[in-house]
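Listed below are the residues making up each chain.
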2 protein chains.
Amino acid sequence: MSEIREIAREAREASRILAKVRSDRKERALRAMADRIEGATGPLLEQNGVDVRKAREVGLPGPMVERLAMTERSIREMAQGIREVSALPDPVGEIVRMGRRPNGLVVGRMRIPLGVVGIIYEARPNVTADAAALCLKSGNAVILRGGSEAFHSNQAIAAILRETLVQEDLPREAVSMIPTTDRAAVREMLQLEEYIDVIIPRGGEELIRAVVAESRIPVIKHYKGVCHVFVDASADLEMAESVCLNAKVQRPAVCNAMETLLVHQDVAERFLPGMVARFREQGVEIRGCPRTKQLVSDVKEAREEDWPAEYNDLILAVRVVEDLDRAIDHIARYGSDHTESIITRDYASAQRFLQEVQSSVVLVNASTRFADGNQLGLGAEIGISTTKLHAYGPMGLEELCARKFVVLGDGHVR
Amino acid sequence: MSEIREIAREAREASRILAKVRSDRKERALRAMADRIEGATGPLLEQNGVDVRKAREVGLPGPMVERLAMTERSIREMAQGIREVSALPDPVGEIVRMGRRPNGLVVGRMRIPLGVVGIIYEARPNVTADAAALCLKSGNAVILRGGSEAFHSNQAIAAILRETLVQEDLPREAVSMIPTTDRAAVREMLQLEEYIDVIIPRGGEELIRAVVAESRIPVIKHYKGVCHVFVDASADLEMAESVCLNAKVQRPAVCNAMETLLVHQDVAERFLPGMVARFREQGVEIRGCPRTKQLVSDVKEAREEDWPAEYNDLILAVRVVEDLDRAIDHIARYGSDHTESIITRDYASAQRFLQEVQSSVVLVNASTRFADGNQLGLGAEIGISTTKLHAYGPMGLEELCARKFVVLGDGHVR
């Protein structure tokens, strides 16, 4: 048996034990993990230093090196993140919708862990601790496969988590880290459907497409976040300005930042010149449709490839649309099913937008930046899904569970 | 653009319209479909006759020809099935768990159709009408790809459904039938993740494995149903006998029939001889473990390959186990995550079985035959999933939906 297969088989064994572990024991283990991570700040920084030096040597771009680098503060935050996960409600064992059938059978649905979760991710080492904590809390075993740039950091973090598991009398194989950055290992992992229940890739579109193409295991994914705000004819324009500014500039590099602004033609002339001026104060480059260009000077013309673009940067595509229908059509055609918001005072427009836009998060009069597990009340998120199966939108502890049917009878036969 | 891609693209367009269609219009269309199918009994039997003759010519096995053949009665039942789906509650638009966040944002989750559902199935033509009705009711467009044996029957049924859609002013492309039995068409269909949201294969394990291996689209599947009944030490043995008999012989060819009987060693001597005699009266062949053989005469010895076997026939594997733990271990090792039942009077055994058996349907004191959408209160089922993602167990109208987040703000920014 290959090493990867053996890791997966052991994770499957561990998952059977984990599924039965009580909440208080899982919580104690998580708190112990947080403590030990803080206690190992020195060794962690040392191992991270190896990665960072290597990254500089091979000429990794500055922002990527920055995301890779750990600090005393980022380690404290990592530990704090684990403590927060520990304090969330345990979803396992909750029975929903229990009721009696006409024949007296009692039928309900009980949340159970998915089993073994495979996470394939890039760069940032804190994902190692985050993902492991969420999986442990929800009773899942996790197999981690981090990026090659963070290899030493990830191994060091995982080693601490595994030591803690043993000390807490839980199976060490509840958290596994693939011990190689060999691509063949990932390919093999993606075939092991008898041991792994779900694959969650976190990283760039290329990574995710490669995983989807090769995996026999269900994949929960989002390729990109091309989020829209539509400023309706009836919008409170002051509110629109504040929401749009927040959606674009508060954190432009994240997937729930606005990438395209759609403006109803009836308010474009009143709204756009001032709005663009505010954006420009913040260093945002505007790429506009012809009508936008007529209303605002010095706007670069948007090309067809700007509409589906995820800039993740201080760039914004702007389009003036005839009406709500055109806005909804634009979103359906160019959007990524991630997050869209309408700014309106009109009841019918709000209702139609909520009903007809099929993205995973649809907002009225709020910034797209709220498309986040924490903000929406899930506590923490293991990822965001823009595939409608299983989870759609931010995915928290509940989405790391399945629901099985439980049926209580009294000798019932058909 | 290829023909398959064009069908999928049109289905995607249709799905956007369907998602908005009110329940009453969908119900009216379904009732009209049922009426037109009944009205077309003659032409349907004629087209079905072409398939049946061809099947006999190529020497298809008798039971397969039987499943293929339609009758006046089966056409009436098909129409009745559509009417029953029409009467089920529409899941689309239901908002669950709406509540207020600390910052005043109102967050809920709204059920929306998955979008485009691809169904790949074998033999029985009634699946064409069943699947189309469930998809239409839940606001999904469906692309059907039936088996080559039922080609003419399926085309004839689909044509009636499509005519009715047009007459009811709904998009004809809400129901599409792949117009060829060419395997390359299926392969192409499985790559169209931009148009198709989920693939549901219904058929033998070989078909399903081929679909999983090739699909980039999420697949909801169950490979097989190796269902267990465990007769605990404290079981009411009369109840155990009645439940086991029902689970095995009421319909042995279906996936929720019992395939392996596990018996606690403390009751094996009292229970097994009588139970086996009852089974033999019904023509069931017993394949037993060594201890079973000691207790009952003339039992064929079970081999290792009997434990994971789905016989779908009047054959039963029987094993005497030391205790509940061994029973749960056996199920985890050889089971298919489908359906398992415990017969017991002991509170702790029932609780442990419910908690620790991770199959999609877990029963206490009831026949495995209740693992069925209708019996569990889903109304009807589009399939059964033994993969924990999205749906686990029987899958009804709700599982043909996703849940998007809807967020109501008042100018909220982060």
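Secondary structure assignment for chain A yields 14 helices and 16 strands. For chain A, whose C-alpha radius of gyration is 24 Å, the value lies close to the compact-globule estimate of 22 Å for 414 residues. Projected onto the principal axes, the alpha-carbon positions of chain A cover approximately 70 × 65 × 35 Å. Split into buried and exposed, the 414 residues of chain A put 53% on the buried side. Partitioning the intrachain contacts of chain A with sequence separation of at least 6 by distance along the chain shows that 71% fall at a separation of at least 24.

Each packed pair of helices is defined by two parameters, the angle between the axes and the distance between the axes. All names here are of chain B. Contact geometry for helix H10 (residues 237-249) and helix H11 (residues 265-281): axes closest at 10 Å, N-to-C directions at 40°. As the angle between them shows, H10 and H11 are arranged oblique. Remark: the crossing between H10 and H11 carries right-handed chirality. The segment H10 lies against H11, with Leu-237, Ala-240, Glu-241, Cys-244, Leu-245 and Lys-248 engaging Val-267, Arg-270, Phe-271, Gly-274, Met-275, Arg-278 and Phe-279. Its residues assigned to classes, the contact of H10 with H11 shows eight nonpolar, one polar and four charged.

Size of an interface: often given as the accessible area lost when the parts come together. The partner chain A presents 57 residues to the 57 residues of chain B that form the contact. Those elements that place two or more of their residues in the side of chain B that touches chain A are strand S2 (106-113), helix H9 (205-214), H10, helix H14 (347-356), strand S13 (361-366) and strand S16 (401-412) of chain B. Among the residues forming the side of chain B that touches chain A, the class breakdown is 28 nonpolar, 17 polar and 12 charged. As defined by bridge partners, strand S13 (residues 361-366) of chain A adjoins S16(B) across five bridges and the pair is classed as parallel. Pairing of Leu363(A) across the sheet is with Val407(B), part of S16(B).

Residues and elements named next belong to chain A. Spanning 17 residues, helix H11 (residues 265-281) covers 24 Å between terminal C-alpha atoms, matching the ideal 24 Å at 1.5 Å per step. At Phe-271, H11 shows its largest bend, some 50°, and a proline, Pro-273, comes one to four positions later. The set of residues buried in H11 consists of Ala-268, Phe-271, Leu-272, Met-275, Val-276 and Phe-279. In this structure, the buried residues of H11 make contact with strand S7 (227-231), helix H10 (237-249), strand S8 (258-264), strand S9 (285-288), helix H12 (290-295) and strand S11 (315-321). Just downstream of H11, Gly-283 is the residue with a positive phi angle, here 80°.

To continue, consider the packing of helix H3 (residues 41-57) of chain B against helix H7 (residues 151-167) of chain B. Residue and element names in this part refer to chain B. Where H3 contacts H7, the axes come no closer than 7 Å and their chain directions differ by 155°. As far as their axial angle goes, H7 and H3 are roughly antiparallel. For the pair H3 and H7, the contacting residues are Pro-43, Leu-44, Gln-47, Asn-48, Val-50 and Asp-51 in the first and Phe-151, His-152, Ser-153, Ala-156 and Ile-157 in the second.

Bringing H14(B) into the picture now. Of all the positions in H14(B), only Ser349(B), Phe353(B) and Leu354(B) are classed as buried. Here the buried residues of H14(B) occupy an arc of 130° about the axis, which is enough to place them on one side. Opposite the buried face of H14(B), by more than 90 degrees, sit the exposed residues Tyr347(B), Ala348(B) and Gln351(B). Its buried side turned inward, H14(B) meets strand S16 (401-412) of chain A together with helix H13 (324-334), strand S12 (339-343) and S13 of chain B.

This next bit is on the sheet that holds S12(B). A sheet is described by the order of its strands in space; here 10 strands give the open sequence S1(A)-S2(A)-S16(A)-S13(B)-S12(B)-S7(B)-S8(B)-S11(B)-S9(B)-S10(B), paired in mixed fashion. Among the strands making up the open sheet, the edge pair consists of strand S1 (95-100) of chain A together with strand S10 (300-301) of chain B. Of the pairings in the sheet, the one linking strand S7 (residues 227-231) of chain B to strand S8 (residues 258-264) of chain B comprises five bridges and is parallel in character. Within the sheet, the bridge partner assigned to His228(B) lies in S8(B) and is Thr260(B). Where H13(B) meets the sheet, it contacts S7, S8, strand S11 (315-321) and S12 of chain B, and its direction lies at approximately 140° from that of S11(B). In the packing of H14(B) onto the sheet, contacts are made with S16 of chain A together with S12 and S13 of chain B, and the angle to S13(B) comes to roughly 160°.

Note on the identical chains: chain B maps onto chain A by a rotation of 180° and an axial translation of 0.0 Å, with an RMSD of 0.1 Å. Such a combination of rotation and displacement between the chain copies is what one expects of a two-fold axis. In terms of C-alpha distance to the rotation axis, chain B has His390(B) as its closest residue, with the C-alpha 1.8 Å off the axis. Mapped onto chain A, 100% of the interface residues of chain B are again interface residues, and the two copies thus contact each other with one and the same surface.

A few words on the confidence of the model for chain A. Summarising the model, chain A shows a mean pLDDT of 95, and 100% of its residues fall at 70 or more. Scoring the predicted complex yields pTM 0.92 and, for the interface, ipTM 0.93.

The next subject is the domain arrangement of chain A. Residues and elements named next belong to chain A. Domain boundaries in chain A define domain 1 (3-221 + 391-408) and domain 2 (227-375). Look at where the C-alpha atoms of domain 1 and domain 2 centre, and you get two points 35 Å apart. Contacts between domain 1 and domain 2 engage four residues on the former and five residues on the latter. By residue class, the composition of the side of domain 1 that touches domain 2 is two nonpolar, two polar and no charged.

Read from one edge of the open sheet, 10 strands run S10(A)-S9(A)-S11(A)-S8(A)-S7(A)-S12(A)-S13(A)-S16(B)-S2(B)-S1(B), paired in mixed fashion. Across the chains shown, the open sheet's two edge strands, defined by having one partner strand only, are strand S10 (300-301) of chain A together with strand S1 (95-100) of chain B. Pairing analysis gives four bridges linking S9(A) to S11(A), with the strands arranged parallel. Across the sheet, the residue bridging to Gly288(A) is Val318(A), located in S11(A).

On any regular strand, side chains alternate: one points to one face of the sheet, the next to the other face. With zero of six residues buried, S1(A) lies mostly on the surface of the structure. As consecutive antiparallel partners, S1(A) and strand S2 (residues 106-113) of chain A are separated by five residues, and within that stretch Gly104(A) has a phi angle of approximately 95°, a positive value.

Before going further, it helps to examine unusual backbone geometry. The phi dihedral of Asn365(A) falls on the positive side, at around 55°, and the residue is not glycine. Mapped onto the fold, Asn365(A) is located in strand S13.

Attention now moves to the environment of Gly274(B). Residue and element names in this part refer to chain B. When you line up the elements, Gly-274 lands in helix H11. Classification of Gly-274 as partly exposed rests on a count of 13 C-beta atoms within 10 Å. In this structure, the C-alpha to C-alpha distance between Gly-274 and Leu-262, residues 12 residues apart in sequence, is 15 Å.

A few words on the environment of Met177(A). Residue and element names in this part refer to chain A. Structurally, the position occupied by Met-177 is in strand S5 (residues 175-177). A residue is classified by how many C-beta atoms lie within 10 Å of it, and Met-177, with 22 of them, is buried. Along the chain, Met-177 and Gly-283 lie 106 residues apart, while their C-alpha atoms are 41 Å from each other. Residues contacting Met-177, with those up to four places away along its chain left out, are Leu-144, Asn-154, Gln-155 and Ala-158.

Attention now goes to the environment of Val50(A). Among the secondary structure elements, Val50(A) is positioned in helix H3 (residues 41-57). Measuring from C-alpha to C-alpha, the distance between Val50(A) and Glu205(A) comes to 27 Å, with 155 residues separating the pair along the chain.

What counts, and at which threshold
Residues numbered from 1 in each chain as written. Chains lettered and ligands numbered in written order. Predicted model: local features only at pLDDT ≥ 70, side-chain atom pairs only at ≥ 80, totals over all residues. Helix = DSSP H or I, 4+ residues; strand = E, 2+ residues; numbered from the N terminus. Rg over C-alpha atoms; globule rule 2.2 N^0.38 Å. Buried ≥ 20, exposed ≤ 12 C-beta atoms within 10 Å, placed from the backbone. Contact = placed C-beta atoms within 7 Å. Axes fitted to C-alpha atoms, helices over the stretch in contact; angles between N-to-C directions. Parallel < 35°, antiparallel > 145°, perpendicular 65-115°, else oblique. Left-handed = near helix turned anticlockwise from the far one by under 90°. Nonpolar A, V, L, I, M, F, W, Y, C, P; charged D, E, K, R; others polar. Pairing = 2+ DSSP bridges. Expected span 1.5 Å × (residues − 1). Bend = angle between axes of the 7 residues up to and from the residue. Arc of directions from axis to C-beta. Least-squares fit on C-alpha atoms with pLDDT ≥ 70 in both. pLDDT = per-residue confidence, 0-100. Domains from an automatic or database assignment.

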